[in-house]
Amino acid sequence: MIHDPNRVYVFDTTLRDGEQVPGCQLTTPEKIEIAKELEALGVDIIEAGFPMSSPGDFQSVVEISKAVQNPTVCALTRANKGDIDVAVESLKYAKHPRIHTGIGASDMHIKHKFNSTREEILERAVDAVKYAKRFVEDIEFYAEDAGRADINFLTQMIEAVIAAGATVVNIPDTNGYCLPNQYGDKIRHLKEHVQNIDKAIISVHCHNDLGLATANSIAGLQNGARQVEGTINGIGERAGNTSIEEVVMILKTHPVLGLHTNINTRNFYELSQMVSTQMRMPVQPNKAIVGSNAFAHSSGIHQDGFLKNRENYEIIRPEDVGFPSATIVLTARSGRHALKYHLERLGHRLDRADLDVAYKSFLTLADSKLDINDEDLLLLVSSNNLFSQSFEKVSNK
Ligand code: KIV
Ligand code: ZN
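Values in this document were obtained by computation on a predicted structure and should not be read as measured data.

Engineer: Report on the nonpolar core, specifying residues and quantitative values.
Structural biologist: Formed by 89 residues in total, the largest nonpolar core has its most connected members in F141, M157 and I158. Residue-level mapping places this core at the junction of two domains, with at least three residues from each of domain 1 (9-278) and domain 2 (296-388). Among residues more than four places away in sequence, those in contact with I158 are F141, A143, V169, I171, L190, V194 and I197. Core analysis: the next-biggest nonpolar cluster, separate from the first, contains 18 residues, F306, A332, L346 and L350 among them.

Here is the structure:
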């Protein structure tokens, strides 16, 4: 098979990095349900869990391995034989198993987490990859805290683990520290200086501590990474991970980037709702792509422009991400055009003079009531005899 150099592989870690969030823990049946939806979404890799962390997580990896056919199923380990043995066992039913092993790469982690030296850490990294490779062909190595790691040491580490058999090299910005140009430069440096980089895929795994996870992931892809890691709704440790839906829609909206994924974007909204409900984690209304306000237009200027041509204020069609439809929200900031639109939708067409009067009455109501619904509008029509002559049921015309 010829490898498409512009194809970006999507690695979903909702069930591992996402599920680490306090309060988001799932049962095995719930994880299976989400895993099946991730398969339908078209993700390439599902990180199903960290099997050594608990018997429940081990069982989830076993059951997800049985439940999905197409995606690679991945299990996380630390760089030690015990973790790797358990992960291998948990993946025994996977059609396409992957072990994700790794260790800290920054001096901060080397000194203050492992109380070790660069030399020792390098040896442990290589040993872990070689050991995992005895059981599973597809080995992903993560260089934890790569965002803050010395670039020369990181280059040496990545070259060594590829030589040991790593097929994917993950360069996590574990603490969400990097600026997009710094992270992009890091990926480009590895692409240009790791001698055997053509034998592995570079993966980006960014956290959102400074709100830069998506921007950093895109910078990494622009500089040669071809796998992106993230979660649905961007859930994850602290401020979360990269949102898969954001990265995928950025690539789709900007063909100039020349990159594409295999994702069925129309499945995004439903899956976002499922993850939110099952993990008891509400989606913020202004969340890009899947938030309840992502396709809601509320100010008069925007509503007027949208009603003239939706592309004035819509760069993504809601149907492309499975969102029910764009909405024109009625508030005290709405204009006549939006009121007219809603009254006509309800079957009432007004002439210009009466629309003015209706609009005035609407504003009085909207100043005292946050949410104007259809019932309010119908009441506004029927309760005001002043308008009754001029309102005309469109459906009766
Ligand atoms: O953020 C991180 O560094 C991780 C690794 C375990 C891949 O989640
Ligand atoms: Zn992470």
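Following the structure, the description resumes.
Engineer: Lay out the sheet that holds strand 3 (residues 72-76) in plain terms, naming residues and giving numbers.
Structural biologist: Two orientations exist for strands paired in a sheet by backbone hydrogen bonds: parallel and antiparallel. In space, the 8 strands of this closed barrel follow the order 1-2-3-4-5-6-7-8, with parallel pairing throughout. Between one strand axis and the next, the sheet turns by 25° as a mean value, whatever way the strands run. Pairing of strand 7 (residues 201-206) with strand 8 (residues 227-230), which is carried by 3 bridges, proceeds in the parallel orientation. Within strand 8, the residue paired with H205 across the bridge is E229.

Engineer: So what about the packing of helix 12 (residues 300-308) against helix 13 (residues 336-345)? Which residues, and what values?
Structural biologist: With their axes 7 Å apart at the nearest point, helix 12 and helix 13 run at an angle of 55° to one another. The angle between helix 12 and helix 13 places the two elements in the oblique class. Together, Q303, D304, L307 and K308 of helix 12 and H337, A338 and Y341 of helix 13 make up the contact between the two elements. Partitioning the contact of helix 12 with helix 13 into residue classes produces 3 nonpolar, 2 polar and 2 charged.

Engineer: Can you explain the pattern of salt bridges? Please cite residues and give values.
Structural biologist: Evaluated as defined, the whole model comprises 30 salt bridges. The shortest N-O distance in the salt bridge between E245 and K287 comes to 3.1 Å. Linking E245 in helix 10 (residues 244-253) with K287 in the loop between helix 11 (268-278) and strand 9 (296-297), this pair joins segments that are 42 residues apart in sequence. Taking the relative accessible area as the measure of exposure, E245 reaches 1% and is therefore buried. Under the relative-accessibility criterion, K287 is labelled buried at 8%. Residue E246 is joined to K287 by a salt bridge in which the shortest nitrogen-to-oxygen separation is 2.6 Å. One end of the pair, E246, is in helix 10; the other, K287, is in the loop between helix 11 and strand 9, with 41 residues separating them in the sequence. The exposure classification of E246 matches that of K287, with both residues buried. Where salt bridges share partners, they join R16, D17 and E47 into one cluster.

The rules behind each value
Residues numbered from 1 in each chain as written. Chains lettered and ligands numbered in written order. Predicted model: local features only at pLDDT ≥ 70, side-chain atom pairs only at ≥ 80, totals over all residues. Heavy atoms only, no water. Core = buried A, V, L, I, M, F, W, Y, C linked by side-chain atoms within 4.5 Å. Buried < 20%, exposed > 50% of the residue type's maximum accessible area, 1.4 Å probe, protein only. Domains from an automatic or database assignment. Contact = heavy atoms within 4.5 Å. Pairing = 2+ DSSP bridges. Helix = DSSP H or I, 4+ residues; strand = E, 2+ residues; numbered from the N terminus. Axes fitted to C-alpha atoms, helices over the stretch in contact; angles between N-to-C directions. Parallel < 35°, antiparallel > 145°, perpendicular 65-115°, else oblique. Nonpolar A, V, L, I, M, F, W, Y, C, P; charged D, E, K, R; others polar. Salt bridge = Lys/Arg side-chain N within 4 Å of Asp/Glu carboxyl O.

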